[in-house]
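# Close look at the chain arrangement
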Protein chains: 2
Amino acid sequence: MVTLAEVARHAGVSASTVSYVLSGKRSISAPTRERVERSIKELGYHPNAGARALASSRSNIIALMVPLRTDIYVPVMMEVAIAVATTARAHGYDVLLLTGEEGPAAVRRVTGSGLADAMILMDIELEDERLPLLHAARQPTVLIGLPADTIGLTCVDLDFTATGALCAEHLAALGHREIAVIGEAAAVYERHTGFAERTLDGLRAAARELGLRLLHRPCEGSYESMDGTLSRIFDERPGTTGFIVQNEAAIDPLLSLLRRQGRAVPEDVSVVAICPDQVATSASVRLTSVAIPAQEMGRRAVELVVAKLQGDASEQVALLPPELTVRASSGPPPF
Amino acid sequence: MVTLAEVARHAGVSASTVSYVLSGKRSISAPTRERVERSIKELGYHPNAGARALASSRSNIIALMVPLRTDIYVPVMMEVAIAVATTARAHGYDVLLLTGEEGPAAVRRVTGSGLADAMILMDIELEDERLPLLHAARQPTVLIGLPADTIGLTCVDLDFTATGALCAEHLAALGHREIAVIGEAAAVYERHTGFAERTLDGLRAAARELGLRLLHRPCEGSYESMDGTLSRIFDERPGTTGFIVQNEAAIDPLLSLLRRQGRAVPEDVSVVAICPDQVATSASVRLTSVAIPAQEMGRRAVELVVAKLQGDASEQVALLPPELTVRASSGPPPF
DNA sequence: TGTCTGCGTCGAAGCGCTTCGCTGCCCTCT
DNA sequence: AGAGGGCAGCGAAGCGCTTCGACGCAGACA
């Protein structure tokens, strides 16, 4: 293992000089810098992470806490995680992967041990049990998702309230009056996951204003559950002409079942999905959708956290505005 | 920040005693241990990770390198990643998330800096450019996937050769003679990803032995590409009665299109999938499938890596035997 | 010509922990 | 009763790096 001291000896300078060449925190003359850099390359020197962390009390690691649930759509999580890792690297940070399993204990462990300089938390519940710990921690933290109370917190999220409203407005503008909402699995609502409830809020507010009749049904996303849900929807509201789908897993079952029932999309019923673009464009009907900007969320979260690490007391809640893309699954209702 | 020294003072012992209480590397009398443990709790002490890493030259971190490609089925990757993180924690390790983006440079960085004690690599190509670096590194490494040459390497993977054979045997036993294989996206084959080629090898060998006619077609997994692929298959081999699907994303499109063409599953055509059980059971037809044991792979990888860290020169290549579960999508061919 | 300023470099003091060797002490065995 | 052997605990030496203060040597200024 090559150490800083060996580099210094090889270059004929002191250890501190090498350190300053590396960090750029003091000015070094060009010839010296070049000599040091050449030695670094020749010896294949890599600074020791542990020693660095100890001496500087910064680990250059950002902890990312992902849910280990399987009832939330996984590709979105993965996309966020990868965007976080990629963006973090671009800023000189590595990413530590924590699963929700440990819960609050993980937060305590990380903040206590100095393992990471900062944290990014995903899958935020409205009253998340991890939040109280964050106020005590000296690590900057960014939440991907919105809890009930955001005082003193930094959050990034898609504006799901606006997303809900946007879906409702689109269908209303086309002339639909009876809308069914295919929601997330019941468990998602039971633990008061912010995004699911906010979408519903936005949806309901817009529906009231626009005079829409809304029917919300949670759905597990399997074929069977979708089948049952769909029958009950049409039993209860035979005049339903619009569907808003929040559970990505339910999209394929829904489209299949509609087709099987002889209901054409978009001629008989319109479908609007809240899902990544990739899902919307690769379904059997190209779906009108509001995109979930997973990459953007990951990127923004890292940028906020890095800004905080540099002392910028930047913006507190970054709500990304939803964008609805009209594709082939929505049109005017039949008459 | 509470330090070990403060704990020692509070408990009235020396720092080394506290350290030994923590590590259990020397015997400590019960009363002393209890006193120290009480102090630790009272003061809320957490050992500093950097200092630990420096002093012991072990970071208790395992690096996990995941692909950032999107043409490989994401849920499997995520499941592996989560299993790795969970199992690692159970063994006292944290997980550092690296994306394939940096490529070999990431391997060099991690091994050079002592950031991690060991590495787990995913998405292995047959001639993976990261492999040469591993021989030089002193970090134990485990691959999830199988390169062409496994000499000196430790690998975990589903036995994809056997998987291919198993699928072929199942259909052959039912009486099928003309089989179409819906493969991964062409790009996956182009970069010589091990599992895709191995499956094909197993399939072809079994087909030859069993007298099956095999037609292999790569497929992107979108509706459009599946549509085109399917037409060409039936054009070329109208007598096709069996499908083996490796690309999970192609499953729903395939089932939809078959239904739309009026081909009943399993009465007219049988479908066997290679995918996680969850996918097989939530499709519109419950699929006969060989499971991809993502969790098991992640778990085994960690266990192997931990064994290596403890000096056990354990088994080298762990190929998990495939298991075929018969469900509702396969049956005898029509006559 | 003497003083001041600032740049480039060095030395040394830690950062908080692990680990090695040592010292008492008590118990056992002969 | 004396020697031998464990057990418990202590002290000190680092691990490899960052960072602060100090120092020497230019050039600038009066």
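As the structure is a prediction and not an experimental result, all values here were calculated from the model.

## Quick look at the overall build of chain A
A count of helical and extended segments in chain A gives 14 helices and twelve strands. Here the C-alpha radius of gyration of chain A, 25 Å, is well above what a compact globule of 335 residues would show, namely 20 Å. Projecting the C-alpha coordinates of chain A onto the three principal axes gives extents of approximately 85 × 35 × 35 Å. The buried share of chain A, reckoned over its 335 residues, is 56%. In chain A, 72% of the contacts between residues at least 6 apart in sequence involve partners at least 24 apart. Within chain A, one finds 32 positive and 40 negative side-chain charges whose respective centroids are separated by 7 Å.

## A few points about the UniProt feature "domain: HTH lacI-type" (unreviewed entry) in chain A
Under the UniProt annotation, the feature "domain: HTH lacI-type" (unreviewed entry) is placed at residues 2-56 of chain A. The distance separating the terminal C-alpha atoms of residues 2-56 of chain A is 20 Å; by composition the span is 71% helix and 0% strand.

## Structural notes on the interface of chain A and chain B
Facing the 46 residues of chain A at the interface are 46 residues of chain B. Approximately 3,900 Å² of surface area, both sides summed, lies buried where chain A meets chain B, with 64% of it carried by carbon and sulfur atoms. Among the residues of chain A in contact with chain B, His46, Met78 and Leu97 of chain A are the three that bury the most area, contributing 14% of the side total. Connecting chain A to chain B are four salt bridges. Across the pair aspartate 94 of chain B and arginine 109 of chain A runs a salt bridge, and its minimum N-O distance is 2.7 Å. Sorting the residues of the side of chain A that touches chain B by element identifies α4 (49-56), α5 (74-90), β2 (94-99), α6 (104-113), α11 (223-236) and α12 (251-260) of chain A as the ones contributing at least two each.

## Points about the relation of the copies chain A and chain B
By a simple turn and slide, chain A fits onto chain B: the slide is 0.1 Å along the axis, the RMSD is 0.1 Å, and the turn is 180°. What the superposition gives is, in effect, a two-fold axis relating one chain to the other. A share of 100% of the interface residues of chain A reappears at the interface of chain B, consistent with the copies meeting face to face through the same patch.

## Overview of the sheet that holds strand β9 (residues 270-274) of chain A
All names here are of chain A. Read across the sheet, six strands follow the order β7-β6-β8-β9-β10-β12 without closing on themselves; strand pairing throughout is mixed. Whereas interior strands pair on both sides, the edge strands pair on one side only; in this sheet they are β7 (213-217) and β12 (324-325). The strands touched by helix α8 (residues 160-174) are β6 (178-182), β8 (242-245), β9, β10 (288-290) and β12; relative to β9, the strand with the most contacts, the crossing angle is about 165°. Across the sheet, α11 lies against β6, β7 and β8, angled at about 155° from β7, the strand it touches most.

## So, the protein's contact with DNA strand D
Taken together, the neighbourhood of DNA strand D is formed by 26 residues, with Leu4, Arg26 and Tyr45 of chain A together with Thr17 and Thr32 of chain B sitting nearest. For DNA strand D, the backbone makes up 54% of the atoms found within 4 Å of the protein, where backbone means sugar plus phosphate. At 2.6 Å from a base nitrogen of DNA strand D is found a side-chain nitrogen or oxygen belonging to tyrosine 20 of chain A. For the surface near DNA strand D, the secondary structure elements donating two or more residues are α2 (15-23) and α4 of chain A together with α2 (15-23) and α4 (49-56) of chain B. In terms of residue count, α4 of chain A provides more of the surface near DNA strand D than any other element does, four residues in total. For the surface near DNA strand D, a count of residues per class yields eleven nonpolar, eleven polar and four charged.

## Details of unusual backbone geometry
Residues and elements named next belong to chain A. That bond from valine 265 to proline 266 is cis: its omega, 10°, falls within 30 degrees of zero. Tracing the backbone shows proline 266 in the loop between α12 and β9. Here the phi dihedral of histidine 192 falls at roughly 55°; this positive angle occurs in a residue that is not glycine. Structurally, histidine 192 can be placed in the loop between α9 (186-190) and α10 (194-210).

## Here we look at the UniProt feature "domain: HTH cro/C1-type" (unreviewed entry) in chain A
Per the UniProt record, "domain: HTH cro/C1-type" (unreviewed entry) is found at residues 3-32 of chain A. Each end of residues 3-32 of chain A is marked by a C-alpha atom, and these two atoms are 18 Å apart; helix forms 67% of the span and strand 0%.

## Observations concerning the protein's contact with DNA strand C
Around DNA strand C lies a shell of 26 residues, among which Thr17 and Thr32 of chain A together with Leu4, Arg26 and Tyr45 of chain B are the nearest. Put simply, 54% of the atoms of DNA strand C that lie within 4 Å of the protein are in sugar or phosphate. Serine 16 of chain A places a polar side-chain atom, nitrogen or oxygen, 3.2 Å from a base oxygen of DNA strand C. Within the contact set of DNA strand C, a base oxygen lies 2.8 Å away from a side-chain nitrogen or oxygen of arginine 26 of chain A. Elements represented by at least two residues in the surface near DNA strand C include exactly α2 and α4 of chain A together with α2 and α4 of chain B. By residue number, the principal contributor to the surface near DNA strand C is α4 of chain B, which donates four residues. In terms of residue class, the surface near DNA strand C is made up of eleven nonpolar, eleven polar and four charged.

## Some thoughts on the sheet that holds strand β11 (residues 317-320) of chain A
Read from one edge of the open sheet, twelve strands run β11(A)-β5(A)-β4(A)-β3(A)-β1(A)-β2(A)-β2(B)-β1(B)-β3(B)-β4(B)-β5(B)-β11(B), paired in mixed fashion. A single partner strand is all that each edge strand has here, and the edge strands are β11 of chain A together with β11 (317-320) of chain B. On average, each strand axis in the sheet is tilted by 20° relative to the strand beside it, whichever way the strands run. Sheet analysis places strand β3 (residues 118-121) of chain B next to strand β4 (residues 141-144) of chain B, joined by three bridges and oriented parallel. Along β4 of chain B, the bridge assignment pairs isoleucine 120 of chain B with valine 142 of chain B. Each of β1 (61-66), β3 (118-121), β4 (141-144), β5 (154-158) and β11 of chain A is contacted by helix α14 (residues 294-309) of chain A, which is oriented at about 165° to β5 of chain A, the strand it contacts most.

## Structural notes on the environment of lysine 41 of chain A
All names here are of chain A. Its location among the elements puts lysine 41 in helix α3 (residues 30-43). Among the residues examined, lysine 41 registers a relative accessible area of 71% and is labelled exposed. The sequence separation of lysine 41 and alanine 301 amounts to 260 residues, and the corresponding C-alpha distance is 34 Å.

## With respect to the nonpolar core
Formed by 110 residues in total, the largest nonpolar core has its most connected members in Leu64, Ile120 and Ile244 of chain A together with Leu64, Ile120 and Ile244 of chain B. Apart from the residues lying within four places of it in its own chain, the contact partners of isoleucine 120 of chain A are Ile62, Ala63, Leu64, Met65, Val84, Val142, Ile144, Ala301, Val302 and Val305 of chain A. If you look at the next biggest cluster of nonpolar residues, it comprises 38 residues, including Ile61 and Val107 of chain A together with Met65 and Leu96 of chain B.

## Concerning the packing of helix α11 (residues 223-236) of chain B against helix α12 (residues 251-260) of chain B
All names here are of chain B. Where α11 meets α12, the axes come as close as 9 Å, and the angle between the chain directions of the two elements is 55°. Looking at the two axes, α11 sits oblique to α12. Seen along the crossing, α11 lies across α12 with a hand that is right-handed. Within the contact between the two elements, α11 uses Tyr223, Met226, Asp227, Leu230 and Phe234 and α12 uses Pro253, Leu254, Ser256, Leu257, Leu258 and Arg260. Tallied by class, the residues present in the contact of α11 with α12 amount to eight nonpolar, one polar and two charged.

What counts and how
Residues numbered from 1 in each chain as written. Chains lettered and ligands numbered in written order. Predicted model: local features only at pLDDT ≥ 70, side-chain atom pairs only at ≥ 80, totals over all residues. Heavy atoms only, no water. Helix = DSSP H or I, 4+ residues; strand = E, 2+ residues; numbered from the N terminus. Rg over C-alpha atoms; globule rule 2.2 N^0.38 Å. Buried < 20%, exposed > 50% of the residue type's maximum accessible area, 1.4 Å probe, protein only. Contact = heavy atoms within 4.5 Å. Lys, Arg positive; Asp, Glu negative; His and termini not counted. Charge placed at Lys NZ, Arg CZ, Asp CG, Glu CD. UniProt positions renumbered as here; feature names shortened; annotations may be inferred. Buried area = accessible area lost by both parts, 1.4 Å probe. Salt bridge = Lys/Arg side-chain N within 4 Å of Asp/Glu carboxyl O. Least-squares fit on C-alpha atoms with pLDDT ≥ 70 in both. Pairing = 2+ DSSP bridges. Axes fitted to C-alpha atoms, helices over the stretch in contact; angles between N-to-C directions. Near = heavy atom within 4 Å. Polar contact = N/O pair within 3.5 Å; in protein donor to acceptor, adjacent residues only side chain to side chain. Nonpolar A, V, L, I, M, F, W, Y, C, P; charged D, E, K, R; others polar. Core = buried A, V, L, I, M, F, W, Y, C linked by side-chain atoms within 4.5 Å. Parallel < 35°, antiparallel > 145°, perpendicular 65-115°, else oblique. Left-handed = near helix turned anticlockwise from the far one by under 90°.

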